[in-house]
Amino acid sequence: MKKSYLIICGKLFDGIREELQPHMEILVEGNKIVSTGRNLSRPKEVEIIDLGHLTVTPGMIDAHVHGNLMRWQETDNILFQSEGYSTLAFLHTAQRCLERGFTTIRCNGMGPGGYGIVDVREVISRGLFPAARMNVGAHMLGGPGMPGDMSMYASTNEPLSDFMQIKTIGSGRDFFRDQVRREVKYGTDFIKIFLSGSFLSPDGGPEISYLDDEELEIIIRTAHDLGKPVTAHVYPPRMMKKLLEFGIDGMEHGALMDEETARTFEKQDTYLVPTFSPFQDVIEGNDELVDMNTEDSRMKLRKYAPQLRESREIIRGSQIRLGFGSDFCAVHQPYESWYEYRSWMRSGMGAFRTLKAATSVNAGILRMDHLIGTIEPGKLADISGWHRDLMEDCDALSECDFVMKDGNVYPAGNTVVDEYTV
Ligand SMILES: [Zn+2]
């Protein structure tokens, strides 16, 4: 028999309405929400869960997670991770995310060559491990030396570096057509392109391009032919314009956004996952935290600080469809998604825009909006509860009190303080 729960909410944010509704109830049967409202009739044998002291939301979604690290301090050693270690790290991250009220994560793969990440998604979806549901971009596609090409760390030794370079890194139309088809064959949910350089990797910086027009066009077209969406790691407006022209579904970062490009995003309803957190410290001038990055990253972040601040304002003032993604592979652990809430709130994004980004908007970005992202009859019962004030408290998501995923209740909380976490 299906188990049923009646959840009594202190306040409810349903993922759509920009209000916190008092005294709402949610009836869950099996893995689905069957009704919401006030004074719902109680079926026989229903179990009451009283969350009258909490604000209840849809299970949160983080759209940009690099889960192949157990701890961010391992980033420099990523090259030496085995497939097995990386696979376990994905599971570890998904477990820690679930405890923290994030019931779904979109993984922008960065691990070794294999498809262990797809296996992790599958065993979680079969209910074999209590962990956040995963949406998977298995590997990054781009040119040699791009950010995420971890063989760069061995680039003083050509044979060694070549040996360690993953299969999805290369050049040319035929190469990328084949790689897209392979990624889809082995189970990726979306294709992730690495177009521009980066602030955090040992590469030529955010204005360098690692793919030409022909390569971009074939990647996007082949993925679309196979029914898969495409996103790209990108910073400069000229590269974002190119991607918009080729009909990409969305982009990550966009941290050097200008007004003209923002208008094209709006017109085409292309989404952007702006990953505010990795830039928050430099935008706020917090030197102590900026200094925790590598020397190369520190220099890049400081050089672009004025432009990063200006672009943040452009993104904030725009109507771009913004998704919520934390992108931690330095300074914070990959499962500490709540820092991204802090960054959005401190940037003046407004609580409801932030909450919608982390729920209904992200569900659309993951193409899972028929299943998750809102609290409505027919949706999967992914529900989180929070005791802090989501409207005013920038750190409200740092303490999760209740988690349900697929109609099952899991232990909530992030009381384990990591000794390296600031
Ligand atoms: Zn990333």
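Residues numbered from 1 in each chain as written. Predicted model: local features only at pLDDT ≥ 70, side-chain atom pairs only at ≥ 80, totals over all residues. Heavy atoms only, no water.

1. A word on the environment of arginine 100
Point 1. Along the chain, the position of arginine 100 falls in the loop between α1 (83-99) and β7 (102-108).
Point 2. Among the residues examined, arginine 100 registers a relative accessible area of 7% and is labelled buried.
Point 3. Residues arginine 100 and tyrosine 335, spaced 235 residues apart in sequence, show a C-alpha to C-alpha distance of 8.1 Å.
Point 4. One polar contact links arginine 100 to glutamate 99, side chain to side chain, over a distance of 3.4 Å. (Helix = DSSP H or I, 4+ residues; strand = E, 2+ residues; numbered from the N terminus. Buried < 20%, exposed > 50% of the residue type's maximum accessible area, 1.4 Å probe, protein only. Polar contact = N/O pair within 3.5 Å; in protein donor to acceptor, adjacent residues only side chain to side chain.)

2. Notes on the packing of helix α12 (residues 338-346) against helix α13 (residues 351-365)
The description of two packed helices rests on the angle between their axes and on the distance between the axes.
Point 1. It is at 9 Å that the axes of α12 and α13 come closest, and there the two elements cross at 145°. The interaxial crossing formed by α12 with α13 has right-handed handedness. Across from Tyr341, Trp344 and Met345 in α12, the residues of α13 making contact are Ala351, Arg353, Thr354, Leu355 and Ala357.
Point 2. For the contact of α12 with α13, the per-class residue count stands at six nonpolar, one polar and one charged. (Axes fitted to C-alpha atoms, helices over the stretch in contact; angles between N-to-C directions. Left-handed = near helix turned anticlockwise from the far one by under 90°. Contact = heavy atoms within 4.5 Å. Nonpolar A, V, L, I, M, F, W, Y, C, P; charged D, E, K, R; others polar.)

3. A word on the sheet that holds strand β8 (residues 133-137)
Point 1. If you trace the three strands from one edge of the open sheet to the other, you get β6-β7-β8, paired in parallel fashion. The two strands at the open ends of the sheet, each matched to only one other strand, are β6 (60-65) and β8. Strand-to-strand twist across the sheet, computed as the mean angle between neighbouring axes with direction ignored, equals 15°.
Point 2. Direction of pairing for β6 relative to β7: parallel, over a ladder of four bridges. Note that in β7 the partner of methionine 60 across the bridge is phenylalanine 102.
Point 3. The sheet contacts of α1 involve β6, β7 and β8, and relative to β7 the element is tilted by about 145°.
Point 4. Of the strands in this sheet, β7 and β8 touch helix α2 (residues 116-125), which is tilted by about 155° from β8. (Pairing = 2+ DSSP bridges.)

4. Things to note about unusual backbone geometry
Point 1. One non-glycine residue, aspartate 327, lies in the positive phi region at around 60°.
Point 2. Its location among the elements puts aspartate 327 in the loop between β14 (321-322) and α12.
Point 3. One non-glycine residue, arginine 367, lies in positive phi territory at about 55°.
Point 4. When you line up the elements, arginine 367 lands in the loop between α13 and β15 (383-386).
Point 5. Look at arginine 367 and you get partly exposed, because its relative accessible area is 43%.

5. Details of the pattern of salt bridges
Point 1. For the structure on display, the rule yields 30 salt bridges.
Point 2. Close ionic contact of glutamate 25 with arginine 42 constitutes a salt bridge, the shortest N to O distance being 3.5 Å. Of this pair, glutamate 25 sits in strand β3 (residues 25-29) while arginine 42 sits in the loop between β4 (32-37) and β5 (47-58), placing them 17 residues apart in sequence.
Point 3. Taken together, the shared-partner salt bridges in this structure form one network comprising Asp287, Asp291, Arg298 and Arg302. (Salt bridge = Lys/Arg side-chain N within 4 Å of Asp/Glu carboxyl O.)

6. Brief notes about the coordination of the zinc ion
Six octahedral donors around a metal ideally make angles of 90 or 180 degrees; four tetrahedral donors ideally make 109.5 degrees.
Point 1. Surrounding the zinc ion are the protein donor atoms His64 (NE2), His66 (NE2) and Asp327 (OD), which sit 2.1 to 2.2 Å from the metal.
Point 2. Of note, the donors binding the zinc ion are all from one chain and are spaced H-x1-H-x260-D. Neither residue differs from the other here; histidine 64 and histidine 66 are each classed as buried. (Donors = N, O, S within 2.8 Å, 3.2 Å for Na, K, Ca; no water.)

7. Some remarks on the nonpolar core
Point 1. Residues Met134, Ile193, Ile219, Leu243, Met251, Met257 and Tyr341 are the most contacted members of the largest nonpolar core, which totals 72 residues.
Point 2. Each of domain 1 (4-58 + 373-410) and domain 2 (60-365) contributes no fewer than three residues to this core.
Point 3. If we skip the residues at most four places from it in the chain, leucine 243 touches Leu195, Leu216, Ile220, Ala232, Val234, Ile248 and Met251.
Point 4. Within the second largest apolar cluster, 17 residues are counted, among which are Met24, Val28, Leu51 and Leu54. (Core = buried A, V, L, I, M, F, W, Y, C linked by side-chain atoms within 4.5 Å. Domains from an automatic or database assignment.)

8. Quick look at the pairing of β4
Point 1. Examined bridge by bridge, β3 and β4 share five bridges and lie antiparallel to one another. Paired with isoleucine 26 across the bridge in β4 is threonine 36.
Point 2. Where β3 folds back onto β4 in an antiparallel hairpin, the turn is made up of two residues, including glycine 30, whose phi is positive at roughly 60°.

9. What about the sheet that holds strand β10 (residues 191-194)?
Point 1. Across the sheet, six strands lie side by side as β9-β10-β11-β12-β13-β14; this open sheet has parallel pairing. The outermost strands of the open sheet, each flanked by one partner alone, are β9 (140-141) and β14.
Point 2. In terms of strand pairing, strand β11 (residues 230-234) meets strand β12 (residues 250-253) through four bridges, oriented parallel. Considered in β12, the bridge of histidine 233 is made with glutamate 252.

10. Some words on the side chain of serine 4
Point 1. Position of serine 4 among the secondary structure elements: in strand β1 (residues 4-12).
Point 2. Ignoring anything within four residues of it in the chain, the contact list for serine 4 reads Val28, Glu29, Glu45, Val46 and Glu47.

11. So, α1
Point 1. An ideal rise of 1.5 Å per residue puts 24 Å on 17 residues; α1 measures up with 25 Å between its terminal C-alpha atoms.
Point 2. Three or more residues of α1 are buried, namely Ser86, Thr87, Ala89, Phe90, Leu91, Thr93, Ala94, Gln95, Arg96, Cys97 and Leu98.
Point 3. Positive phi shows up at glycine 101, right after α1, with a value of about 90°. (Expected span 1.5 Å × (residues − 1).)

12. Here we look at the domain arrangement of the protein
Point 1. Under the domain assignment used here, the protein contains domain 1 (4-58 + 373-410) and domain 2 (60-365).
Point 2. Spacing between the C-alpha centres of domain 1 and domain 2 amounts to 30 Å.
Point 3. Of the roughly 2200 Å² buried where domain 1 meets domain 2, counting both sides, 68% is carbon and sulfur surface.
Point 4. There are four salt bridges connecting domain 1 and domain 2.
Point 5. Taking the shortest distance from any N to any O, the salt bridge between arginine 133 and aspartate 382 comes out at 2.5 Å.
Point 6. Summed over the shared surface of domain 1 and domain 2, the number is 13 residue pairs in polar contact (both at pLDDT 80 or more).
Point 7. Mapped by element, the contributors of at least two residues to the side of domain 1 that touches domain 2 are β5, β15 and β16 (400-405).
Point 8. The dominant element in the side of domain 1 that touches domain 2, judged by the number of residues it contributes, is β16, at four residues.
Point 9. Residues belonging to the side of domain 1 that touches domain 2 are distributed by class as follows: 15 nonpolar, six polar and nine charged. (Buried area = accessible area lost by both parts, 1.4 Å probe.)

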